[in-house]
Amino acid sequence: MAGALLIAAACIALASASHAGAQDASAADDVHARVAAGDLVGALQRARDVHAPGLAARLEAEVLWSAGDLNGALAAAREGLVAAPNELALARLAADLSLALDLAHEARRHVTSLARDVALLPQGDSDRDWWLGQLAALESSTSAAERALEARDTALSRARSLGSILIAATLGALLVLLRPERRA
Amino acid sequence: MLLAAVLAAGAGTMTVELAAVRLLAPWFGASAGVWTNVIGVVLLALALGYLLGARLSSGPRPAHRLATLLLAAAVCAAVLPALAAPVAKVFMPTGVPLHEAAELLVWGSLAATAVLFLPAAVLLGAVGPLAVEATQRAHGGGAGRAGGRVLALSTVGSLVGTFGTTHVLIPSLGVRATFLVAAGALFLAGAAVGLAQRRAASVGGGLVLMALANGLAYHPPGAREGETELAAVDSPYQRLRVIESGAGDERMRQLRVNESLDSFQSVWSPKAGLLPPGHYYDHFALPLAFEGADGPPAKWRVLILGLGAGTTVRVLEGVVDAATQLDIVGIEIDPVVLALGEAHFDLRPGPGREYIGGLDARVALALTQGEFDQVVLDAYANNMEIPPHLATREFFGAVARVLRPGGWLTANVGGFGAEDPVVSAVSGTAASALGVPVQLARVPFSRNVTLLARISGDVPTPGSAGWRFAPGLDELRPALEVPGAWSTVRPGSETERREDTPPVLTDDLCPLDWLQLRSIREARERWLARS
């Protein structure tokens, strides 16, 4: 009897999860349709009703991105990754948003995490090949952003050093010339 | 001859100093910080030059040394335009966005100024003491008499250089030729003194070097890959470039100022009306959107302070209902910008379209008669600086006087969200001056915020009774309904701000320069990296 009840409970749980999954897929379509119709508030509410936290966060971030709130979209993506750290599409979105906001270091974190998760996909899986292609593109963009950041840091360091040295040297020469001249 | 040389040297010195900022502006802009760096470095170098000149003046032939120094200073001035680009690029890499640029603009301009202008300014500083000594030996009398005459003529020369550079040389010849004129004046001064001292060899050598320097090119930044530069011109205020990208109906033009970074001063697209996402000008159509919800107004008078090349005009002309008579008065301080607007941005003066160049917005406001339905405030200097006198309680009080009851103030405020120091200070000041709540609307895909206020009325916000849009402007609504898109600043809320920010900006105390630097420095922590 107990075993039958356990099996029944497991079947109900499985059915609920499957139903939730189907509901989530339908919700995603609904969110995208609302965005296309200009109902961003309705799309946000629908996204937040989604069962799967990773998908909910991704949909919310996508809606906020379409509204031009890149900062809000990245915040939603970050929160989603805390709840669903292996959500590939969400990590990809977070990396894209980080690059759009010129946050090279954050983009690198997401790309590294994404690469780790993609490596765990089964070999020969077509999804794996697709994700590897996406990773290559992200890696290229992130590396370019990191190089630009390094160039800025180098330029700033150079400007501080050389500017300070030249000003100090000029002041030093001033002090030297201010000393009384020796007369023969 | 000596005194004539001193006059020419004074003119050359001021020309170099004034043109120095313009030479660096394409990379570092012309903000107060850059000006301070240039003036500071030049003053320091002049001080060193005075002491150097004092030491050199004790030799047997100060006039010989004066000639040599003037010729050397001439060559230094002549090569400056050619050196500007390679030196500036060391301290300002390409592709830096605005929110990363604050430290680079300050330190980079300091380092570039020191590298480029220290040598010339030291040499020019040494001219004075040598000239005084040479004059005193040639004409007798005391040091005071010789010094007074030299200083007087040098100052007259400086005046000539000051006014001539701003009003004649830079607008008519451009930056490179201005430096060559300064170099030429210094060379002539040195040659005159040198030939009088029978130093023909030195003069000849200087002439050769000047000729070589004259052949070197000046390379300010041009169009980026995929862009076309339609025009580039130096106005009395700034370096202006018209850049086009895209093709066919996807073409876009931007008016870029000085270093521009990733900013623009004006925008044009082939079709009038709302612009692609990321352009704050669309929000200037919100008053028409709200007031036209129940039918278009018969007339709509707009005063634009900071007309630029006419982007706001083009947006409003494209969205206004055919039944509405749209009258626009536009004020732009730089008349060259208006000329570029007519040439490249479809800015067309005519009946109901009065565009005034060469007038400061605050002055124009004081002279304005009549009432307007809307005042648009979009006045910026040097890409990101709101002129302080256009952000004070007194200024917003003057704006209120030209608005009808129910009239609208719409302002572009560059800043990283409602808590940005600049946005907070300007909106709090406006609320205090107008006595009404000010609404801040986030501009999608942008660093900007739009300030909206209404005299004796409310600005509609999502959920309020007036939240309805005129047909044709409904596409603005979705992004504005997303949570967080609006912030309200009420009169009296200024006391809740940080202690180190003045509660209300006034003509007497308006540290906008400092707030803007803080805005950029804090952007990363406050807006971009919220976690």
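Residues numbered from 1 in each chain as written. Chains lettered and ligands numbered in written order. Predicted model: local features only at pLDDT ≥ 70, side-chain atom pairs only at ≥ 80, totals over all residues. Heavy atoms only, no water.

Trainee: So what's going on with the overall build of chain A? Residues and values would help.
Mentor: When you go through chain A residue by residue, the secondary structure sums to 7 helices and 0 strands. Traced from its N-terminal end to its C-terminal end, chain A shows the element sequence α-α-α-α-α-α-α. Here chain A displays about 10,000 Å² of accessible surface, and carbon together with sulfur accounts for 61% of that area. (Helix = DSSP H or I, 4+ residues; strand = E, 2+ residues; numbered from the N terminus. Areas by Shrake-Rupley, 256 points an atom, 1.4 Å probe, with all protein chains shown as cover.)

Trainee: Go over the nonpolar core with me, naming the residues and quoting the values.
Mentor: Leu23, Phe28, Leu66, Leu70, Phe117, Phe179 and Leu186 of chain B are the most contacted members of the largest nonpolar core, which totals 89 residues. Mapped by element, the contributors of at least two residues to this core are helix H7 (126–178) of chain A together with helix H1 (2–28), helix H2 (32–56), helix H3 (62–91), helix H4 (102–139), helix H5 (143–196) and helix H6 (200–214) of chain B. Sort the elements by how many residues they give to this core and H4 of chain B lands first, with 19 residues. Contact partners of Leu70 of chain B, with chain neighbours within four places excluded, come to Ala5, Ala9, Val127, Leu186, Ala189 and Gly190 of chain B. Judged by nonpolar contacts, the second largest core, of 42 residues, contains Val438, Val449, Leu505 and Leu515 of chain B. (Core = buried A, V, L, I, M, F, W, Y, C linked by side-chain atoms within 4.5 Å. Buried < 20%, exposed > 50% of the residue type's maximum accessible area, 1.4 Å probe, protein only. Contact = heavy atoms within 4.5 Å.)

Trainee: Explain the environment of Ala43 of chain A residue by residue, including any values.
Mentor: Residue and element names in this part refer to chain A. Here Ala43 lies in helix H2 (residues 40–48). Between the alpha carbons of Ala43 and Val31 there is a distance of 4.7 Å; along the sequence they are 12 residues apart. Apart from residues no more than four positions distant in its own chain, Ala43 is found in contact with Val31, Arg34, Val35 and Val63.

Trainee: Quick one: what's the story with the sheet that holds strand E8 (residues 372–377) of chain B, residue by residue and with numbers?
Mentor: All names here are of chain B. Here we have 8 strands laid out as an open sheet, ordered E7-E6-E5-E8-E9-E11-E10-E12, and mixed in their pairing. The open sheet is flanked by strand E7 (353–357) and strand E12 (486–489), the only strands paired with a single partner. The sheet shows a mean angle of 15 degrees between the axes of neighbouring strands, direction not considered. Pairing analysis gives 7 bridges linking strand E5 (residues 299–305) to strand E6 (residues 325–332), with the strands arranged parallel. Counterpart to Arg301 in the pairing with E6 is Asp327. Against the sheet, helix H9 (residues 335–344) engages E6 and E7, with an angle of about 140 degrees to E7. (Pairing = 2+ DSSP bridges. Axes fitted to C-alpha atoms, helices over the stretch in contact; angles between N-to-C directions.)

Trainee: Describe in detail the interface of chain A and chain B, supporting the description with residues and values.
Mentor: Tallying the contact residues gives 41 residues for chain A and 40 residues for chain B. In total, chain A and chain B occlude about 3,500 Å² of area from one another, counting both sides; carbon and sulfur atoms represent 70% of this. When the buried surface of chain A facing chain B is broken down by residue, Asn71, Arg152 and Leu177 of chain A rank first, second and third, together holding 18% of it. At the junction of chain A with chain B, the criterion picks out 2 salt bridges. In this structure, Arg442 of chain B and Asp69 of chain A form a salt bridge, with 3.1 Å as the shortest nitrogen-oxygen distance. In this assembly, chain A and chain B are joined by 6 residue pairs in polar contact (both at pLDDT 80 or more). In terms of residue count, H7 of chain A provides more of the side of chain A that touches chain B than any other element does, 20 residues in total. Residue composition of the side of chain A that touches chain B, grouped by class: 25 nonpolar, 8 polar and 8 charged. (Buried area = accessible area lost by both parts, 1.4 Å probe. Salt bridge = Lys/Arg side-chain N within 4 Å of Asp/Glu carboxyl O. Polar contact = N/O pair within 3.5 Å; in protein donor to acceptor, adjacent residues only side chain to side chain. Nonpolar A, V, L, I, M, F, W, Y, C, P; charged D, E, K, R; others polar.)

Trainee: Please provide a residue-by-residue account of the packing of H1 of chain B against H4 of chain B, values included.
Mentor: Residue and element names in this part refer to chain B. It is the contact of H1 with H4, at a shortest axis distance of 10 Å, that shows an interaxial angle of 180 degrees. Classified by the interaxial angle, the pair formed by H1 and H4 is roughly antiparallel. Across the contact of H1 with H4, the residue classes break down as 19 nonpolar, 5 polar and no charged. (Parallel < 35°, antiparallel > 145°, perpendicular 65-115°, else oblique.)

Trainee: I'd like to hear about the pattern of salt bridges, residue by residue, with values.
Mentor: Close approach of charged atoms allows side chains of opposite charge to pair. A full pass over the atoms with the stated rule returns 31 salt bridges over all chains. In this structure, Arg239 of chain B engages Asp234 of chain B in a salt bridge whose closest nitrogen and oxygen atoms are separated by 3.3 Å. Asp234 of chain B matches Arg239 of chain B in its accessibility class, with the two residues each being buried. Measuring nitrogen to oxygen at the nearest pair gives 3.2 Å for the salt bridge that ties Arg477 of chain B to Asp474 of chain B. By relative accessible area, which is 34% here, Asp474 of chain B ends up partly exposed. Through salt bridges that share partners, Asp30, Arg34, Asp39 and Arg46 of chain A make up one connected network.

Trainee: With reference to specific residues and values, describe the sheet that holds strand E3 (residues 252–257) of chain B.
Mentor: Residues and elements named next belong to chain B. The strand order across the open sheet built from 4 strands is E1-E2-E3-E4, with neighbouring strands paired in antiparallel fashion. The outermost strands of the open sheet, each flanked by one partner alone, are strand E1 (227–234) and strand E4 (266–268). Between one strand axis and the next, the sheet turns by 15 degrees as a mean value, whatever way the strands run. Pairing of E3 with E4 involves 3 bridges; the strand directions are antiparallel. When the bridges of E4 are listed, Gln254 appears paired with Val267.

Trainee: Please provide a residue-by-residue account of unusual backbone geometry, values included.
Mentor: Its identity as a non-glycine residue notwithstanding, Asp102 of chain A has a phi of 65 degrees, on the positive side. Inspection of the secondary structure puts Asp102 of chain A in the loop between helix H5 (88–100) and helix H6 (104–119). Assessed through its relative accessible area of 17%, Asp102 of chain A is described here as buried. You will see that Phe445 of chain B, though not glycine, has its phi angle at about 55 degrees, which is positive. By the element assignment, Phe445 of chain B lies in the loop between strand E10 (438–442) and strand E11 (448–454). Residue Phe445 of chain B is classed as partly exposed on the basis of its relative accessible area, which comes to 36%.

Trainee: Any chance you could break down a nonpolar patch on the surface for me, citing the residues and the numbers?
Mentor: Residues and elements named next belong to chain B. Residues Leu7, Val156 and Val160 make up a contiguous nonpolar surface patch of about 220 Å² in total accessible area. Mapped onto the elements of the fold, Leu7 is located in helix H1. Exposure remark for Leu7: the relative accessible area of 31% places this residue in the partly exposed category. (Patch = residues over 30% accessible without salt bridge, like charges linked within 9 Å, V, L, I, M, F, W, Y side chains within 5 Å.)

Trainee: Summarise H7 of chain A; cite the residues concerned and give the values.
Mentor: Its 53 residues give H7 of chain A an end-to-end C-alpha distance of 78 Å, which sits within 8% of 78 Å, the value for a rise of 1.5 Å per residue. Near the N-terminus of H7 of chain A, the side chain that reaches the backbone nitrogen of Asp127 of chain A, with its oxygen 2.9 Å away, is that of Asp125 of chain A. (Expected span 1.5 Å × (residues − 1).)

Trainee: Which residues make up the pairing of E8 of chain B, and what are the values?
Mentor: Residues and elements named next belong to chain B. In terms of burial, E8 is largely enclosed, as 6 of its 6 residues are buried. With 4 bridges connecting them, E5 and E8 associate as parallel partners. Each bridged residue has a counterpart across the sheet, and for Leu305 the counterpart in E8 is Leu377. Pairing geometry for E8 and strand E9 (residues 403–414), over 5 bridges, is parallel. Among the inter-strand pairings, Phe372 is bridged to a residue of E9, identified as Leu403. On the question of chirality, the crossover connecting E8 to the parallel E9 by way of helix H11 (residues 393–401) is right-handed. (Right-handed = clockwise from strand over helix to strand, strands pointing away.)

Trainee: Hey, could you go over H3 of chain B for me, with residue numbers and the actual values?
Mentor: A maximum bend of about 50 degrees is found in H3 of chain B at Leu83 of chain B, where proline Pro86 of chain B lies one to four positions downstream. The buried fraction of H3 of chain B amounts to 21 of the 30 residues, a majority that puts the element mostly inside the structure. (Bend = angle between axes of the 7 residues up to and from the residue.)

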